[in-house]
Each structure stands twice: as C-alpha cells, then as structure tokens.
Amino acid sequence: MNRLEISISSEINNIVKIENFIESFTACFNLSPELFGRISLSVIEAVNNAILSGNKREADKMVTVIAEKVNNQFRVTVNDEGDGFDYTNIPDPTLPDNIDKIAGRGLYLMKTLSNELIFENNGASVTLVFNL
C-alpha cells in the first residue's frame, strides 16, 4: 500500500483524528521518529489552516488528507473546500516588521519543516514533500 487517505469535517476537535492518522501512516510507511516530528507539526498546521481559514469552520465542508510514498519522497496533501489564498505573498515572520504579527507563522513552519511545499487549486490544496 502506497497511499492512505482520511476526510474530516471542518471542526477543530477533529484534529485528534488527524493526529491518529499521522501515527498510523508513520507506522505503515515505517518513517523515522525525526521525520515523524517534522511531518506531524507541519500536517497539523496545514489541517488547522484548512479548517480555520480555508473552510472557515463550516462543519459541512470537508478537509481531506492524503499520505503517499512516491519513489524517495513522502508526500502529504491537505485539501479544503475554500476559495484558496494568495500563497505567492507569504511574509517572513522572522523579519523585524513581522515579528509581532500572528498570521503567517504556520506557513513559515510548514515551509521550514518540509523539503518542498506545493500549492495547487488557488491555495486550497497544499502538498508537503519530505525526502526519505
């Protein structure tokens, strides 16, 4: 099996289902503990963004997470049913002008922890790529 998938309604208490899903695919794909930490933090952040910003906590809208091993990479794609956002203009939260801003830290974290971050569908779909 090279691919696992889960869909949850856009309720913040469903994050625990995502945490369980991450643990199950980490075991299934035999990923290292170091990789588990990076994947776990960034995927939970991506799902949080999908629930809060993408689907605006509308419980009838779904967030889908797909985990797959492709060649020497592990990929996790998070899709929401929102309109997307301008992912081409992500401010660096470490710069002095942005240090007090709350927004943008999650995307920065996702970008830092993954080897590659791919946005599709106007930003309503994000794929986190981790080299194995």
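Look up: the structure comes first, before these words.
Below: a short report on this structure. (Residues numbered from 1 in each chain as written. Predicted model: local features only at pLDDT ≥ 70, side-chain atom pairs only at ≥ 80, totals over all residues. Heavy atoms only, no water.)

1. Side note on the environment of Arg3
The criterion, for reference: Starting at the N terminus, helices and strands are each numbered in turn, a helix being any DSSP run of H or I of at least four residues and a strand any DSSP run of E of at least two. Should any heavy atoms of two residues lie within 4.5 Å, those residues are counted as being in contact.
One can find Arg3 in strand β1 (residues 3–9). Separated by 71 residues in sequence, Arg3 and Phe74 have C-alpha atoms that sit 10.0 Å apart. The residues contacting Arg3, other than those within four sequence positions of it, are Phe29, Ile66, Ala67 and Glu68.

2. Description of the sheet that holds strand β2 (residues 62–70)
Short version of the rule: Between any two strands, pairing holds if DSSP finds at least two bridges. Note on geometry: axes are C-alpha line fits, over the in-contact stretch for helices, and angles between N-to-C directions span 0 to 180 degrees.
On the basis of which strands lie adjacent, the open sheet formed by 5 strands has the order β1-β2-β3-β5-β4 and antiparallel pairing. Every interior strand has two partners, whereas the edge strands, β1 and β4 (116–120), have only one. Within this sheet the neighbouring strands show an average axis-to-axis angle of 15°, counted without direction. Strand direction decides the pairing type here: β1 and β2, joined by 7 bridges, are antiparallel. Counted as the bridge partner of Arg3 is Glu68 from β2. Its contacts with the sheet put helix α1 (residues 15–28) on β1, β2 and β3 (73–79), and the angle it makes with β1 is roughly 175°. Those strands touched by helix α2 (residues 33–54) are β1, β2, β3 and β5 (125–131), and its axis lies near 175° from that of β5.

3. Describing the packing of aromatic side chains
Let me state the cut-off plainly: Each aromatic pair joins two rings of Phe, Tyr and Trp (for Trp, the six-membered one) with centres within 6.5 Å, and gets the label stacked for planes under 30 degrees apart, edge-to-face for over 60, and tilted for any other angle. Here the term buried applies to any residue with accessible area under 20% of the maximum for its type, exposed to any over 50%, and partly exposed to those in between, with areas from a 1.4 Å probe on protein chains only.
In the structure shown here, the tally under the stated rule is 6 aromatic pairs. Ring geometry for Phe85 versus Tyr87: centroids 6.2 Å apart, planes at 75°, classification edge-to-face. A residue is classified by how much of its surface remains accessible, and Tyr87, at 29% relative accessible area, is partly exposed. Relative to Phe119, the ring of Tyr87 has its centre 4.7 Å away and its plane inclined at 15°; by these criteria the two rings are stacked. In this pair, Tyr87 is assigned in the loop between β3 and α3 (105–113) and Phe119 in strand β4, connecting sequence segments 32 residues apart. The rings of Phe21, Phe25, Phe29 and Phe74 are connected pair by pair, giving a single aromatic cluster.

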